[in-house]
Amino acid sequence: MTNPESAKPEKTEFLIRKAIDGDIPQVVALDNAGFPTPWSESTYQKEVNNSKGLFYVALLTDQQSVMAGFILSWAVVDQLHILRVTVKNDLRKMGIGRALVEKTLEEAKTSGLKMALLEVRERNTAAIKLYLSLNFITVGLRRKYYTDTGEDALLLTASLVDLGL
Ligand SMILES: CC(C)(COP(=O)(O)OP(=O)(O)OC[C@H]1O[C@@H](n2cnc3c(N)ncnc32)[C@H](O)[C@@H]1OP(=O)(O)O)[C@@H](O)C(=O)NCCC(=O)NCCS
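For the structure given in this document, a descriptive report is provided here. Remember, it's a predicted structure, so these values are computed and weren't measured experimentally.

### Description of the site of the ligand
And then number 1: Around the ligand, 19 residues are found, and the nearest of them are Arg92, Gly97, Arg98, Ala126 and Leu130.
And then number 2: Looking at the shell around the ligand, the elements with two or more residues in it are strand E4 (79–87), helix H4 (96–110) and helix H5 (125–133).
And then number 3: For the shell around the ligand, the element with the most residues is H5, which contributes six residues.

Okay, here's the thing in structure tokens:
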């Protein structure tokens, strides 16, 4: 019998590039799997051509038809708002989420943005640990921000000026 653990590759190689129209079906599938309040296909479709958007996907290097994750952010004046980041369930904890956030922060800094901000569910330990490890700090609490569960949101920010990536 095949042990699913032994079938897992030891190191997963992936690449990150800008999202294109053809990515949207897989983006929507990942979104639906990763978030309790999914966004529609047309919402994502518009983001591909949004000049104020930073929209990246991660693909497996040796199987580029497989989307491993994506990240979507907006540039609002001099701030980067990270809106969505998710990684395919069976490819988590392999560095893909960190690489997607780092890529976005680097691009935002290069284009002159000064600060990054995001909201995260207070019980989303994995995401909070990821952001704190990238020098985000908690600056506020939005009570009952998530209408589906009534959870509070933590508001996190990071300076892009001091970004050491
Ligand atoms: C949050 C998420 C994107 C992280 O993606 P990932 O590819 O698994 O993350 P990485 O492998 O790059 O891990 C980076 C860091 O995140 C933290 N982390 C990731 N998964 C974790 C877990 N299950 N528990 C605790 N910390 C975790 C660790 O600090 C880790 O660093 P380390 O490996 O040096 O310990 C992923 O869990 C996910 O898609 N979650 C569902 C969608 C979601 O909640 N998005 C965030 C909305 S704000």
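And the narrative resumes.
### Some details on unusual backbone geometry
And then number 1: Positive phi values are uncommon outside glycine, yet Lys93 reaches one of about 65°.
And then number 2: With respect to the element layout, Lys93 can be found in the loop between E4 and H4.
And then number 3: Overall, the presence of 8 C-beta atoms within 10 Å leaves Lys93 in the exposed class.
And then number 4: Phi at Lys144 takes a positive value of approximately 50°, unusual for a residue other than glycine.
And then number 5: For Lys144, a count of 10 C-beta atoms within 10 Å puts it in the exposed group.

Definitions and limits used
Counting restarts for each chain: residues are numbered from 1 in the order of the written sequence. Where local features are concerned, this predicted model is filtered to residues with pLDDT of at least 70; where side-chain atom pairs are given and counted, the filter is 80 or more; whole-chain, interface and lining totals use all residues. Being near a molecule or strand means, for a residue, that its backbone-placed C-beta atom lies within 6 Å of it. The helix and strand labels rest on DSSP assignments: H or I over at least four residues marks a helix, E over at least two residues marks a strand, and numbering proceeds from the N terminus. Here a residue counts as buried when 20 or more other C-beta atoms fall within 10 Å of its C-beta, as exposed when 12 or fewer do, and as partly exposed in between; the C-beta atoms come from the backbone.

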